[in-house]
Amino acid sequence: MLDVRAELTATVWKVVAEVGTTVAEGDELLILESMKMEIPVTAPEDGTLAEIHVAEGDSVAEGDVLAVVATS
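Rules used in this analysis
- Residues numbered from 1 in each chain as written.
- Predicted model: local features only at pLDDT ≥ 70, side-chain atom pairs only at ≥ 80, totals over all residues.
- Heavy atoms only, no water.
- Helix = DSSP H or I, 4+ residues; strand = E, 2+ residues; numbered from the N terminus.
- Rg over C-alpha atoms; globule rule 2.2 N^0.38 Å.
- Buried < 20%, exposed > 50% of the residue type's maximum accessible area, 1.4 Å probe, protein only.
- Contact = heavy atoms within 4.5 Å.
- Areas by Shrake-Rupley, 256 points an atom, 1.4 Å probe, with all protein chains shown as cover.
- Core = buried A, V, L, I, M, F, W, Y, C linked by side-chain atoms within 4.5 Å.
- Pairing = 2+ DSSP bridges.

Chemist: Teacher, can you tell me more about the overall build of the protein here?
Modeler: Within the protein, the secondary structure is distributed over zero helices and eight strands. Scaling as 2.2 N^0.38, a compact globule of 72 residues should have a C-alpha radius of gyration of about 11 Å, and the protein matches this with 11 Å. Judged by the C-alpha coordinates and their principal axes, the protein covers about 35 × 20 × 15 Å. Within the protein, buried positions represent 29% of all 72 residues. Long-range contacts, defined here as pairs at least 24 residues apart, represent 55% of the contacts in the protein between residues at least 6 apart. For the protein, the exposed area adds up to about 4,300 Å²; of that, 48% sits on carbon and sulfur atoms.

Next up, the structure:
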């Protein structure tokens, strides 16, 4: 299991992927918004999106766990 963490303080603008979805390294999971810029958050490795810990509109701090990817 790999934690996907926020790299900066931001707001969750859009959740793109759904729990249970098979993802490839680099696939977009969600989009953060900070200072009117959209920052994509991508899968770190191939696997299955096991958990999403945030919802659209949530504020997140640097280092917060946004999602969990289960790898094989």
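Chemist: Mind showing me how you'd approach the nonpolar core here?
Modeler: Leu 29, Leu 32, Val 60 and Leu 66 are the most contacted members of the largest nonpolar core, which has 17 residues in total. For Leu 32, the contacting residues outside a window of four places in its chain are Leu 8, Ala 10, Thr 11, Val 12, Trp 13, Met 37, Glu 38, Ile 39, Val 41, Val 60 and Leu 66.

Chemist: How should I be thinking about the sheet that holds strand β3 (residues 22-23) in this particular structure?
Modeler: The pairing of strands in a sheet happens through backbone hydrogen bonds and is either parallel or antiparallel. Pairing in this open sheet of four strands is antiparallel, and the strands run β1-β8-β6-β3 from one edge to the other. Edge positions in the sheet fall to β1 (2-5) and β3, since each of these pairs with one other strand and no more. Pairing between β3 and strand β6 (residues 47-52): two bridges, direction antiparallel. Bridge pairing in β6 places Thr 22 opposite Thr 48.

Chemist: Is there a simple way to explain unusual backbone geometry in this structure?
Modeler: For residues besides glycine, phi is generally negative; the peptide bonds are generally trans as well. Although it is not a glycine, Met 35 adopts a positive phi angle of roughly 55 degrees. Among the secondary structure elements, Met 35 is positioned in the loop between β4 (28-34) and β5 (37-42). We classify Met 35 as exposed; its relative accessible area is 75%. Of note, the phi angle at Lys 36 is positive, near 65 degrees, even though the residue is not glycine. Along the chain, Lys 36 falls in the loop between β4 and β5. By relative accessible area, Lys 36 is classed as exposed at 79%.

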